[in-house]
Amino acid sequence: MSHGASDRSSVAGQLEQPAGPVLAVRDLRVAFRTPLGLAQVVNGISYDVEPGKTLAIVGESGSGKSVGTLALLGLLPSGVANVDGSAVFAGRELIGLSEDQLRPIRGAGIGMVFQDPMTSLNPVLTVGRQIVEAIRAQGTASKGAARARAGELLAEVGIPDPASRLDAYPHQLSGGMRQRVMIAIALAGGPKVLIADEATTALDVTVQAQILELIQRLQEEHGTGVVWITHDLGVVAGIADHVLVMYAGRCVEEGNVDELFDRPVHPYTRGLLGAMPLVDDPRPARDRDPLATMPGLPPDPVALPPGCAFYPRCPVRADTRCADEVPPLVSVAGSGDAHRAATFYAPEGA
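Bear in mind that the values here come from a model prediction, so they are computed numbers and not experimental data.

### Looking at the environment of A275
Now for step 1: By the secondary structure assignment, A275 is in the loop between α12 (267-274) and α13 (321-324).
Now for step 2: Taking relative accessible area as the criterion, A275 reaches 35% and is therefore assigned partly exposed.
Now for step 3: A275 sits 137 residues away from Q138 along the chain, and the two C-alpha atoms are 43 Å apart.
Now for step 4: Sequence-distant contacts of A275, defined by excluding residues within four places in its chain, comprise L291 and A292.

Structure follows, in structure tokens:
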């Protein structure tokens, strides 16, 4: 990029990618200090993000999927959150870095798109100014050069007439356009990893499809590794290469997207898939099978059960083993290490 060449080149040198995963997370744990005790929100998750590939992290609200990614960038309150484990990006350990050490990695190394652009964008600043700020934070570009680059980014994310849109305020744009602005800001530093946290949840299905197509195109053009955080398995089926299913802060199943959808093993994963309506079901609505439901609620993270956290809601539990022991995440028979699940009761044939 033309803006901030000297400063950005030094940052790029720091972020030079080694062979292998662009981001490797191992045994990540996050706990929040509360008046009632430690809330164990993330409990030992591990995953890799490959260049040009999409990892989807799925689960119910409160499963820890967003908190785990915020922890990587030091975006959790330091006086409240305890973060342990390892997250290696560009050969550098992120966990434990100071605010000053993380600043050049945010944006220039890892970009983030949040769920609701109306709460993420500043309502009293034009979108152009907000993109310019993101660009200038990565280097020494002049205002003029940064504004020119901001227009290029708006064009890149598919906003028509980008030159005039630079002077628009967030409330003057549609929801889809605001989300595109958020993506432009996330791309301003040329990140190697893009984290999209429920980035299409508040959009209608048409705009959602456009945003998904945009991110896939940008990913193909730049080789960006994407972490897609969502509860929407329909989206996951269309964009993900690898899927990690979380429940109560733990990974309960992970695998190649086709393998996991075709042969789900964990009762929680099967429940999530069973709750998905089949859009191509030719039968009238009255003749279709009822969608699966899971009674009960996720456990309190301050008082997690000693065994499997899903035990109280599990439809296949047969004895007290699950109540006393946490099932390890092990390879599913016949899958090598490409598909793993944490359950003592895999269905026959799995």
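Here the narrative resumes.
### Some details on the nonpolar core
Now for step 1: Grouped together as the largest cluster of nonpolar side chains are 39 residues, with contacts concentrated most on I131, V157, V181, I183 and W228.
Now for step 2: Looking at this core, the elements that each hand over two or more residues are α5 (127-136), α6 (143-156), α8 (175-187), β7 (193-197), α9 (205-222), β8 (225-230) and α10 (233-239).
Now for step 3: Looking at this core, the element that brings in the most residues is α8, giving 7 residues.
Now for step 4: Once you skip the residues sitting within four places of it in the chain, V181 turns out to touch L121, V127, I131, L154, I159 and L173.
Now for step 5: If you look at the next biggest cluster of nonpolar residues, it comprises 38 residues, including A39, V49, L55 and L97.

### Comments concerning the pattern of salt bridges
For side chains of opposite charge, pairing can occur when their charged atoms come near one another.
Now for step 1: Inspection of every chain in the model, using the stated rule, returns 14 salt bridges.
Now for step 2: E152 serves as the salt-bridge partner of R149, at 3.0 Å between the closest nitrogen and oxygen. In this pair, R149 and E152 are both assigned in helix α6, 3 residues apart and thus about one turn of the helix distant.
Now for step 3: Judged by its relative accessible area of 13%, R149 is buried.
Now for step 4: Judged by its relative accessible area of 45%, E152 falls in the partly exposed class.
Now for step 5: In this structure, a network of salt bridges that share partners links the residues E99, D100, R103 and R106.

### Some remarks on the domain arrangement of the protein chain
By a frequent convention, interface size equals the accessible area lost on bringing the separate parts together.
Now for step 1: The assigned domain composition of the protein chain is domain 1 (20-240) and domain 2 (243-341).
Now for step 2: Relative to domain 2, the C-alpha centre of domain 1 lies at a distance of 27 Å.
Now for step 3: Of the residues lining the interface, 26 residues belong to domain 1; the matching set on domain 2 comes to 20 residues.
Now for step 4: On the surface where domain 1 and domain 2 come into contact, there are 1 salt bridge.
Now for step 5: Between E60 and R313 there is a salt bridge, with its nearest N and O atoms 3.1 Å apart.
Now for step 6: Where domain 1 meets domain 2, there are 9 residue pairs in polar contact (both at pLDDT 80 or more).
Now for step 7: Looking at the side of domain 1 that touches domain 2, the elements with two or more residues in it are β2 (37-49), β3 (54-58) and α10.
Now for step 8: Take the side of domain 1 that touches domain 2: its biggest share by element is 10 residues, from β2.

Calculation notes
- Residues numbered from 1 in each chain as written.
- Predicted model: local features only at pLDDT ≥ 70, side-chain atom pairs only at ≥ 80, totals over all residues.
- Heavy atoms only, no water.
- Helix = DSSP H or I, 4+ residues; strand = E, 2+ residues; numbered from the N terminus.
- Buried < 20%, exposed > 50% of the residue type's maximum accessible area, 1.4 Å probe, protein only.
- Contact = heavy atoms within 4.5 Å.
- Core = buried A, V, L, I, M, F, W, Y, C linked by side-chain atoms within 4.5 Å.
- Salt bridge = Lys/Arg side-chain N within 4 Å of Asp/Glu carboxyl O.
- Domains from an automatic or database assignment.
- Polar contact = N/O pair within 3.5 Å; in protein donor to acceptor, adjacent residues only side chain to side chain.

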